[in-house]
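# Coordinate analysis (summary)
Listed here are the chains, written in short residue letters.
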Amino acid sequence: MQPCEKVWFHVDVNSAFLSWSALKALREGSDQDLRALPAVVGGDEEKRHGVVLAKSLPAKKYGIATGESLFSARRKCPGLIVVRPDFDWYVQNSKAMIAILNQYSPEVEQYSIDEAFVDMTGTERLFGVPVETAHALRRRIRDELGFTVNIGVAPNRLLAKMASDFEKPDKVHVLDPEDVPRKLWPLPVRELFGVGPSAAARMKQMGILRIGDLANTDRAVLTAAFGARGDTFWNYANGRESDPVTKRHTKDNTYGSSVTLPADLYDPAEADATLLALCESVGQRLRLDGRCARVVAVQVVDNAFRRKSHQVTLDGPTDSTDVLYRTARALLRQMWPARPVRLVGVTAERTGEAGFEQLDLFHDPVHSQKKEALDRTADALRARFGEGALLRAKLLRPDDKTAKPGALGAAKARDKLRGEGEKE
């Protein structure tokens, strides 16, 4: 990697849920390391339909895949060990890792609970050669936190992410643009970031089997087949980050919260209470910082781990929980996927200082003032007496034995977000 070039790390926890569950079991006195055994983290077989959420390397050797049913996984490996997920524990480990990354760079972009991009440009004088720093960081996470990560090192986020997926676990890999033909092109096209199962199947019909085939396909052919995505695919296959792998937002620009649900949701109405809890958290943090948002985005992940998001630009900036919720609710109904949903998230973007509001023709200023006063009063009560001092009726904890999944999701979101207070 040339001096003064951009330097990105992509830090990815190896088999995150399984590793974190193994770590917890060891700390609780277990004499077995789940990472060394055929083991999986599987959702509640009654509530989550027995989906494999994460697997150990020994389990992978049996052909067990993330997203398949536990019934199928047990048929492949009769002695398979199945442990239940513990999302609160996973969040603790995720935050601990991000805290370490923040000591290496002011630009840390958390991409998911178990991976993050770190802009290491210009840090050579502080930490030394990037690849040596990556190894030091890898060892530090392993020694201090007890789990391993892969780190990809590259001049852009795309190549860093691809590099981190090379040989695992506990490795550092460098991927420079000149290495792309040798290291990237021989891989199956489905392994290229952004190429999902349907796109890979379409490419197979076109005779595109490897990333190199895609890189050497005429761009016009790809755009004809995939629209604007075709051009993105071509650039990615050639190691060019034409479209950013992850949206870049400073901590002052984006406020978001998401939650993995205790049970799959089959209808958007089931997610309303969860959305309200998320919007309440986002709105409260906006108001606390004196910010208003112009864009509201909603993200979902289905039970096949496919992510989908929609966003809308508001008529004017807002910090109102009610406006955030009504907007998010409408977005969710527009984008609800065909498969059941396991994660819901809400993000407020393009934020600026509060104090200006664009009114429409039918705006009721008295109603808005009442809503604003209600939000401010609720914030003040929570600040003084704690998050549990004031709850919307829709967010009261239901009886776990009789409550619907959406209500349980709202309770989980409320409990998980209580006291969080940080921005994405």
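A few points on the structure. (Residues numbered from 1 in each chain as written. Predicted model: local features only at pLDDT ≥ 70, side-chain atom pairs only at ≥ 80, totals over all residues. Heavy atoms only, no water.)

### Examining the overall build of the protein chain
- A tally of helices and strands in the protein chain yields 16 helices and twelve strands.
- Within the protein chain, buried positions represent 48% of all 424 residues.
- Taken as a whole, the protein chain presents about 20800 Å² of accessible surface, with 51% of it coming from carbon and sulfur. (Helix = DSSP H or I, 4+ residues; strand = E, 2+ residues; numbered from the N terminus. Buried < 20%, exposed > 50% of the residue type's maximum accessible area, 1.4 Å probe, protein only. Areas by Shrake-Rupley, 256 points an atom, 1.4 Å probe, with all protein chains shown as cover.)

### What to know about the pattern of salt bridges
- Applying the stated criterion across every chain yields a total of 20 salt bridges.
- Close ionic contact of Asp-170 with Arg-138 constitutes a salt bridge, the shortest N to O distance being 3.1 Å. Linking Asp-170 in the loop between α7 (157-164) and β8 (172-174) with Arg-138 in helix α6 (residues 130-145), this pair joins segments that are 32 residues apart in sequence.
- With a shortest N-O distance of 2.9 Å, Arg-140 and Glu-144 are connected by a salt bridge. (Salt bridge = Lys/Arg side-chain N within 4 Å of Asp/Glu carboxyl O.)

### Digging into the sheet that holds strand β3 (residues 52-55)
- Strand order in the open sheet formed by three strands is β3-β2-β4, and the pairing between neighbours is mixed. The open sheet has two edge strands, β3 and β4 (81-83), and neither has a second partner. Put simply, the sheet's adjacent strands are angled 30 degrees from each other on average, direction ignored.
- Seen against the sheet, helix α1 (residues 16-27) touches β2 (39-42), β3 and β4 and runs at an angle of roughly 100 degrees to β2. (Pairing = 2+ DSSP bridges. Axes fitted to C-alpha atoms, helices over the stretch in contact; angles between N-to-C directions. Contact = heavy atoms within 4.5 Å.)

### Points about the nonpolar core
- Phe-9, Val-11, Met-97, Leu-101 and Ile-141 are the most contacted members of the largest nonpolar core, which totals 37 residues.
- Looking at this core, the elements that each hand over two or more residues are β1 (8-13), α1, β2, β3, α4 (87-101), β6 (115-119), α6 and β7 (149-154).
- Top element by residues in this core is α4. It accounts for seven residues.
- Setting aside residues no more than four positions away along its own chain, Leu-101 makes contact with Val-11, Val-108, Ala-116, Val-118, Leu-137 and Ile-141.
- The next biggest cluster of nonpolar side chains, apart from the first, holds 30 residues, and it includes Ala-160, Leu-184, Ala-199 and Ala-237. (Core = buried A, V, L, I, M, F, W, Y, C linked by side-chain atoms within 4.5 Å.)

### So, unusual backbone geometry
- With an omega of -5 degrees, the peptide bond running from Lys-168 to Pro-169 counts as cis.
- Relative to the helices and strands, Pro-169 is located in the loop between α7 and β8.
- Although it is not a glycine, Ser-15 adopts a positive phi angle of roughly 45 degrees.
- Given the relative accessible area of 32%, Ser-15 is considered partly exposed.
- For Asp-170, which is not glycine, the phi dihedral falls at a positive 60 degrees.

### Some thoughts on the sheet that holds strand β5 (residues 108-112)
- With mixed pairing, the five strands of this open sheet are ordered in space as β5-β6-β1-β7-β8. Only two strands of the sheet have a single partner each, and these edge strands are β5 and β8. Mean inter-strand twist for the sheet, computed between neighbouring axes without regard to direction, equals 20 degrees.
- Pairing geometry for β7 and β8, over three bridges, is parallel. Counted as the bridge partner of Gly-152 is His-173 from β8.
- In the packing of α6 onto the sheet, contacts are made with β1, β7 and β8, and the angle to β7 comes to roughly 165 degrees.

### So, the environment of Ala-59
- By secondary structure assignment, the location of Ala-59 is in helix α2 (residues 57-60).
- Look at Ala-59 and you get buried, because its relative accessible area is 0%.
- Here the alpha-carbon distance between Ala-59 and Pro-38, two residues 21 residues apart in the chain, equals 4.2 Å.
- Setting aside anything within four residues of it in sequence, one finds Ala-59 in contact with Leu-37, Pro-38, Ala-39, Val-40, Ile-64 and Leu-80.

### Looking at the pairing of β7
- The buried fraction of β7 amounts to six of the six residues, a majority that puts the element mostly inside the structure.
- Both β1 and β7 contribute to a ladder of six bridges, which runs antiparallel. Directly across from Trp-8, in β7, lies its bridge partner Ala-154.
- As a crossover connection, the stretch from β7 through α7 into β8 is left-handed. (Right-handed = clockwise from strand over helix to strand, strands pointing away.)

### Some thoughts on the packing of α1 against α4
- Between α1 and α4, the least distance of the axes is 10 Å, while the angle of their chain directions is 100 degrees. Of the possible angle classes, the one that applies to α1 and α4 is roughly perpendicular. For the pair α1 and α4, the contacting residues are Phe-17, Trp-20, Ser-21, Leu-23, Lys-24 and Arg-27 in the first and Phe-87, Trp-89, Tyr-90, Asn-93 and Ser-94 in the second.
- Its residues assigned to classes, the contact of α1 with α4 comprises six nonpolar, three polar and two charged. (Parallel < 35°, antiparallel > 145°, perpendicular 65-115°, else oblique. Nonpolar A, V, L, I, M, F, W, Y, C, P; charged D, E, K, R; others polar.)

### Regarding the packing of aromatic side chains
- One pass over the full model with this rule turns up nine aromatic pairs.
- Through a chain of ring-to-ring contacts, three or more aromatic side chains come together here, namely Phe-17, Trp-20, Tyr-90 and Phe-147.
- A cation over a ring is seen here: Arg-202 above Phe-226, with NZ or CZ 5.8 Å from the ring centre. (Phe/Tyr/Trp six-rings, centres within 6.5 Å; stacked < 30°, edge-to-face > 60°. Lys NZ or Arg CZ within 6 Å of the ring centre and 35° of its normal.)

### Brief notes about helix α12 (residues 228-237)
- Counting buried positions along α12 yields seven of ten residues, so the element is predominantly enclosed.
- Residues Gly-230, Thr-232, Phe-233, Trp-234, Asn-235, Tyr-236 and Ala-237 constitute the buried set of α12.
- Among the structural elements, α7, α8 (180-184), α9 (197-205), α10 (211-215) and α11 (219-226) are those in contact with the buried residues of α12.
- Just downstream of α12, Gly-239 is the residue with a positive phi angle, here 80 degrees.

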